[in-house]
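The lines below spell out each chain.
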Amino acid sequence: MSAQIIDGKAIAEKVREEVRQGVANMQAEHNYVPGLATVLVGEDPASATYVRSKQRTCEQLGIRSIGHHMPADSTQEEVETLVRQLNADPNVNGILVQLPLPKHLDEEAILNSIDLEKDVDGFHPVNIGRLAMKGRNPLFIPCTPAGCMRLLSETGVELNGANAVVLGRSNIVGLPMAMLLQKANATVTICHSRTKDLPGMLRQADVVIAAVGRTEMVTGDMLKPGAAVIDVGINQKEDATRKRGYRLVGDVDFESAKEVAGAITPVPGGVGPMTIAMLMENTLRAAEISLAKK
Ligand code: GUN
């Protein structure tokens with residue numbers, strides 16, 4: 001039997017519509033418009049594309065977008081000075097420093113300099129620390145893992161007591177994802193390149209989150225029948241039939257996996273659209289936090 005295909009495009013549109021409504025209500029009731037500042041350092045084309053997409057989505061939802069583009073040779077002090085200015089700006093509710101930063105910059109110090117209440121990426125060490133700890137709640141949850149959680153809840157996947165495998169341990173996805181699943185009472189295993197028996201681990205999993213960046217490495221024979229599979233990977237696979245010479249595929253081999261899984265996200269059109277939608281939700285929340293303090 002073929003799996004339910006989890007429609008990330010439709011669920012992301014639902015989230016955006018909720019945010020659009022929330023922004024319109026805020027404007028009507030408080031005459032206040034949420035603002036998101038993006039900070040792009042350097043010329044990485046993929047980062048520039050992501051930032052443009054974030055700015056465009058802001059505009060579509062009625063959120064003010066404030067873009068800062070700094071040269072690749074900007075100093076630590078220059079980037080931190082900009083972040084401090086944005087921290088002090090009452091029109092800025094969220095600050096997003098696009099990663100990765102050029103190698104000479106200290107990413108940890110820059111993320112640390114973002115005001116906790118404007119940390120819409122949820123990457124501030126205090127927000128991550130709260131995510132990790134029992135009985136504490138972060139102000140913001142990192143956008144891609146938050147998007148995966150929303151896909152699971154919209155699909156009706158039971159996490160309470162479920163065995164979950166997170167494949168990958170990045171700061172942006174794998175680590176916060178594992179912490180979120182644990183908070184939702186799943187039994188979580190984090191697997192990575194040194195894991196000894198990955199297929200054995202995966203075959204125990206009711207929920208699989210694949211976020212390693214390796215083309216189609218998870219195949220159907222590694223899955224437990226009926227498992228919910230969320231594929232965070234976006235990899236280029238050679239394809240001579242496409243004009244650009246490649247197509248985008250995930251970390252999961254969709255064709256074989258969909259014959260075993262109970263539900264699965266496609267690539268593209270699964271997790272991808274959710275990340276920016278969740279950023280918009282976080283930005284609206286940041287504006288609500290700011291209004292509540294006034
Ligand atoms: N680079 C890749 N993903 C992200 C993200 O979610 N936020 C930021 N700031 N940078 C990224």
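Residues numbered from 1 in each chain as written. Predicted model: local features only at pLDDT ≥ 70, side-chain atom pairs only at ≥ 80, totals over all residues. Heavy atoms only, no water.

Colleague: I would appreciate a short explanation of the sheet that holds strand β5 (residues 163-167) in the present structure.
Modeller: Sheets are built from strands that pair by backbone hydrogen bonding, the pairs being arranged parallel or antiparallel. Ordered in space as β1-β11-β8-β7-β5-β6, the six strands form an open sheet in which the pairing is parallel. Single-partner strands in this sheet number two, and they are β1 (4-5) and β6 (187-191). Here β5 runs beside strand β7 (residues 207-210); their pairing, made up of four bridges, is parallel. Counterpart to V165 in the pairing with β7 is V208. Against the sheet, helix α6 (residues 143-155) makes contact with β1, β7, β8 (228-231) and β11 (263-264), and its axis sits at roughly 150° relative to β8, the strand it touches most. Packing against the sheet, helix α7 (residues 174-183) makes contact with β5, β6 and β7, and its axis sits at approximately 170° to β5. (Pairing = 2+ DSSP bridges. Helix = DSSP H or I, 4+ residues; strand = E, 2+ residues; numbered from the N terminus. Contact = heavy atoms within 4.5 Å. Axes fitted to C-alpha atoms, helices over the stretch in contact; angles between N-to-C directions.)

Colleague: Is there a simple way to think about unusual backbone geometry in this case?
Modeller: Negative phi is the rule for most residues except glycine; trans is the rule for most peptide bonds. Each neighbour pair has its own omega, and for L99 with P100 the value is 0°, a cis peptide bond. Its location among the elements puts P100 in the loop between β4 (94-97) and α4 (107-112). Cis geometry is adopted by the peptide bond preceding P268, which originates at V267 and carries an omega value of -5°. By secondary structure assignment, the location of P268 is in the loop between β11 and α10 (272-293). Here N31, not a glycine, exhibits a phi torsion of approximately 55°, which is positive. Topologically, N31 is positioned in the loop between α1 (8-30) and β2 (35-41). Residue N31 is classed as exposed on the basis of its relative accessible area of 69%. (Buried < 20%, exposed > 50% of the residue type's maximum accessible area, 1.4 Å probe, protein only.)

Colleague: What should I look at first to understand the site of the ligand in this one?
Modeller: Around the ligand, the structure places K54, L96, V97, Q98, L99, D121 and F123. A distance of 2.8 Å separates a nitrogen atom of the ligand from a polar atom in the backbone of V97. Within the side chain of D121, one N or O atom sits 2.6 Å away from a nitrogen atom of the ligand. Protein coverage of the free-state accessible area of the ligand, which is 280 Å², stands at 84%. (Near = heavy atom within 4 Å. Polar contact = N/O pair within 3.5 Å; in protein donor to acceptor, adjacent residues only side chain to side chain. Areas by Shrake-Rupley, 256 points an atom, 1.4 Å probe, with all protein chains shown as cover.)

Colleague: When you look at the pattern of salt bridges in this model, what are you seeing that I'm missing?
Modeller: When their charged atoms lie close together, side chains carrying opposite charge are able to pair. On inspection of all chains with the given rule, the structure shows 16 salt bridges. Residue E13 pairs with R20 through a salt bridge whose shortest N-O separation is 3.5 Å. Across the pair D239 and R242 runs a salt bridge, and its minimum N-O distance is 3.7 Å. Using a relative accessible area of 11% as the deciding quantity, one classes D239 as buried. Here the residues in one salt-bridge network are K14, E18, R150, E154 and E281, joined through shared partners. (Salt bridge = Lys/Arg side-chain N within 4 Å of Asp/Glu carboxyl O.)

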